[in-house]
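Fold and geometry: a report
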Amino acid sequence: MSILREISPKVRNIRHSELLALGRQACGIKEKLKQGVRKPYKEVIDVSGGDPHRTGVKPLSFVRQVLAACLYPQLVNSDKLPVDVRQRAQRLLGACKGGSVGSYTLTQGIMDIQQSVSKFISQRDGGVPSVPENIFLTAGSQGAIMKILSLLVNSEGTPRTGVLTPVPGYSSANMALEGLGGAIVPYYLNEELCWELQIDELRRALQSAKGVCNPVALYVINPGNPTGHIQSRKSMEEVIQFVSQEKLFLLADETVQDNVFGEGSEFVSYKRVLAEMGPPLSDTVELASFHSVSKGLMGECGLRGGYVELVNLDPEVMNHTYTLFSTDSSAAVTGQLAVDLMVDPIQPGDPSYPLYYKETQYIRTMQVHNAKRVTEVLNSLPGFSCQPVKGGAFAFPRVHLPPRAIQKAKEEGMPPDHFYCSRLLEDTGLLVSPGCEHGQREGTHHIRFCIMTSVDILEEVLRCLARFHTQFMKDFF
Amino acid sequence: MGQQPITFVRQVVALCCFPELLDSPGFPDDAKQRAQRILQGCGGRSLGSYSASQGVECIRQDIAAYIQQRDQGVPADWDNVFLTTGASDGIMSILKLLVSGQGESRTGVMIPIPQYPLYSAAISELEAVQVNYYLDEDECWALDVRELQQRYQDAKQHCQPRVLCIINPGNPTGQVQDKKCIEEVLHFAYEENLFVMSDEVYQDNVYSPDCQFHSFKKVLYEMGPEYFNSVELASFHSTSKGYTGECGFRGGYMEVLNMDPEVKAQLVKMLSVRLCPPVSGQAAMDVIVNPPKPHEPSYAQFTKEKNLVLDALAQKAKMTEEILNSVPGIKCNPVQGAMYAFPQIFIPPRAIQEAQALSMAPDMLYCLRLLEETGICVVPGSGFGQREGTFHFRMTILPSTEKLKILLTKVKDFHLKFLQEYSAQETTQENQHRET
């Protein structure tokens, strides 16, 4: 039988996930609740992931109606569904081979949808041209990140390939990098300045990599995950200058670009900033931009729909990229269709528009409300400090754990914020993610939880958190 | 390719996608009941929620129940079942898990020749060592365990063979392994401590009346506890083949047996990196393992549609074999299962020379010419692997019977023309050259 030491060292090197461990604890609790064991709560509330539907956000009706009609084309001919739904389903089915969502698609995805994405990007970026051939439809943005990293990382080489990644950051991307045998080169975002990215810190990080690994890329997340920080144009220009000088490939994770709600905050894409900086930068900096249907207003995580746009890659490298993508079957068709619905939403004047507008406005209002409410409540609790949440899907407040709690955590053999989350889960049924999962400055502790939730669920989350936290701080004072 | 989706599958997934349809009289109760069950297992009762990385729990349970029933009671634990993004995701994940070592201790992966090129591509990407074992074309592509043993011994010189991949029914060959053969393979794996990967995506595509699908798991069980409790086995299935043909859903699962708990934990950790398989594909997989039962309203139509597809495939398998075998210079083994014909083609020496001059495999030249002259696209045998000096192409038997007949006639005509062209008398040029 295979034993641990025979397993791929790259797989073993993927970091242990504290959140997975908490997930197992949550499963155990759910099992006990099912068996009728009495607890101070009736169910587990899981706000640990960025999973809007799980936490009470409803899917958009138009999206689900079109997908249902594509899955079961008999609906296209019935008058059960609005005419614009049926028309869109018909158009999308026409773009699928054999008119069926059950057919394999071309390697880069359904061509019509590649074109929709390209058009969307160009419109979003004030006319900066986008070429469909540079677009690959993928299984979520994570699917794309994994593929592009496997292109960049030399798995068996020495020194190891390094990628600069933000702290705090996105743990799944870091795990993907480790799984390929790559090295993480952390750069710290500045919590006091609302999680700003600072160029000096990038320089420090790059310097630290000397002699340790071979850095080839810089991974930025904008708007930030978990921070929600929205980069200023000036900061983005500095980043572009930096990658150009240091010959780094720029990986821009823009998955939450549609979750921007802070006053005065505005998302601008790396592609646009790069293009508007003009040559030679605009012709030479290599960029991969990622997006998906998982967040934004759709929240369709489970459909696994996303794309990557590749800019300024050498044609030979593009050939290899295509080959790499072709070894795997393309993304699920329902995911690809969801991408089309994201980049080409219905317009005013269409019959389904009033409902679409109502649903999306509700989500927008909810986000603004949630962000405000979270910072308000948490900042009123001693032992919590929460930066204003201007965008993204999460709150990432700092928890100032008393030394006795830190000591207790050490005794139990877990990171202090995991300890906090574990107790929180046990006492209230609330599952949040510990800061150690996402990275943080030594000696600081945080929790992350999703704020793309229904208003009711958020109130419940804040209620549980406030009550637990107050008691916890008292117990460990 | 014109095959119609199974109505029931599409109804259930559509209901999951847009639950308002649960109130519609246009959908049968059994479809609604299944959709409800699936949605109960999803976060927020939505297909749009991430599932656990191993998949939706109730679907894993349904799959375990299906496996147990298929294998006539051999116990299946849902904790060993993982939903995957098509079978490919599962296959790739297991290989990623198992490749280790350096130099002479680098993991060797035994794969059949001819094979489905996902395996060779994965081995290449993971920098594992490819260890070929040849299926016997003269014995209807049978797997001879002595071939396995010989290749294993040879490979031990330069790598550590650890994994044995079998495709049953075969792709591209279509052969269906008999029970005795599977036993011999499992015994070999037991002796040499090999991890067996059994690609069984075509388990519902068996056409030859003399053949029957035997799952590797069931055969292993019947070999007794010493084997059943020790041989590491991963079996793969998918929504892409069978009678549903839902390739675009990217639905699939794997069942893993006898994996060390610590190794399994590593597998779960690794799978969590890709988050989860598409939930709509998981839903489709659930319907396939939990089809309408005889007393349910959709049973009649479901059975009718399923049999239509499978009967047509069986008919086309026979017809393809017969027509191809009627062509001088083409020899086609019986298509016992799967979805392909993989005939051997005679390529005249002059064509081989021309191909070599163009730096391409001779069967690639053949296929390019076929495409150019008839619009028919098939894949050269060199893409799947074949014995040195033999040439093949793989075609699917999926087009409608009428289209397939026309297509095969065109292939026949092309082949005869091709033979004639390259077996023609020497040209004057060649004559002159010889005289000087």
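Description of the structure in this document.

What counts as what
Residues numbered from 1 in each chain as written. Chains lettered and ligands numbered in written order. Predicted model: local features only at pLDDT ≥ 70, side-chain atom pairs only at ≥ 80, totals over all residues. Heavy atoms only, no water. Helix = DSSP H or I, 4+ residues; strand = E, 2+ residues; numbered from the N terminus. Rg over C-alpha atoms; globule rule 2.2 N^0.38 Å. Buried < 20%, exposed > 50% of the residue type's maximum accessible area, 1.4 Å probe, protein only. Contact = heavy atoms within 4.5 Å. Lys, Arg positive; Asp, Glu negative; His and termini not counted. Charge placed at Lys NZ, Arg CZ, Asp CG, Glu CD. Buried area = accessible area lost by both parts, 1.4 Å probe. Salt bridge = Lys/Arg side-chain N within 4 Å of Asp/Glu carboxyl O. Polar contact = N/O pair within 3.5 Å; in protein donor to acceptor, adjacent residues only side chain to side chain.

Below, the discussion takes up the overall build of chain A. Summing up its helical and strand segments, chain A has 19 helices and 14 strands in all. Relative to the globule expectation of 23 Å for 477 residues, the C-alpha radius of gyration of chain A, 23 Å, shows essentially globular dimensions. Its C-alpha atoms put chain A at 65 × 60 × 60 Å along the principal axes. Every one of the 477 residues in chain A was classed for burial, and the buried ones make up 61%. Within chain A, contacts between residues at least 6 apart in sequence are counted, and of these 71% link residues at least 24 apart. A gap of 6 Å separates the mean positions of the 48 positive and 50 negative side-chain charges of chain A.

Contacts between the two partners involve 59 residues from chain B and, on the opposite side, 62 residues from chain A. Between chain B and chain A, the buried area comes to about 4800 Å², and carbon and sulfur atoms account for 58% of it. Inspection of the region where chain B meets chain A yields one salt bridge. With its nearest N and O atoms 3.4 Å apart, the salt bridge here joins R162 of chain B to E6 of chain A. At the surface where chain B touches chain A, the tally comes to 28 residue pairs in polar contact (both at pLDDT 80 or more). Among the secondary structure elements, those contributing two or more residues to the side of chain B that touches chain A are α1 (7-17), α4 (86-98), α5 (118-125), α10 (261-272) and α11 (279-289) of chain B. No other element matches α1 of chain B, which puts seven residues into the side of chain B that touches chain A.

Residue and element names in this part refer to chain A. Summarising the element assignment, G228 is placed in the loop between β5 (214-221) and α10 (233-246). Of the residues examined, G228 reaches a relative accessible area of 2% and is grouped as buried. The spacing of G228 and K390 is 162 residues in sequence and 6.0 Å in space, taken between C-alpha atoms. Setting aside residues up to four positions removed in sequence, G228 forms contacts with P223, K390, G391 and G392.

All names here are of chain B. Regarding α5, the residues found buried are L118, Y119, S120, A122 and I123. Considering only its buried residues, α5 is in contact with α4, β2 (107-113), β3 (129-134), β4 (160-167) and β5 (195-199). Note on α5: the residue one or two positions beyond its end, E127, has a positive phi of about 55°.

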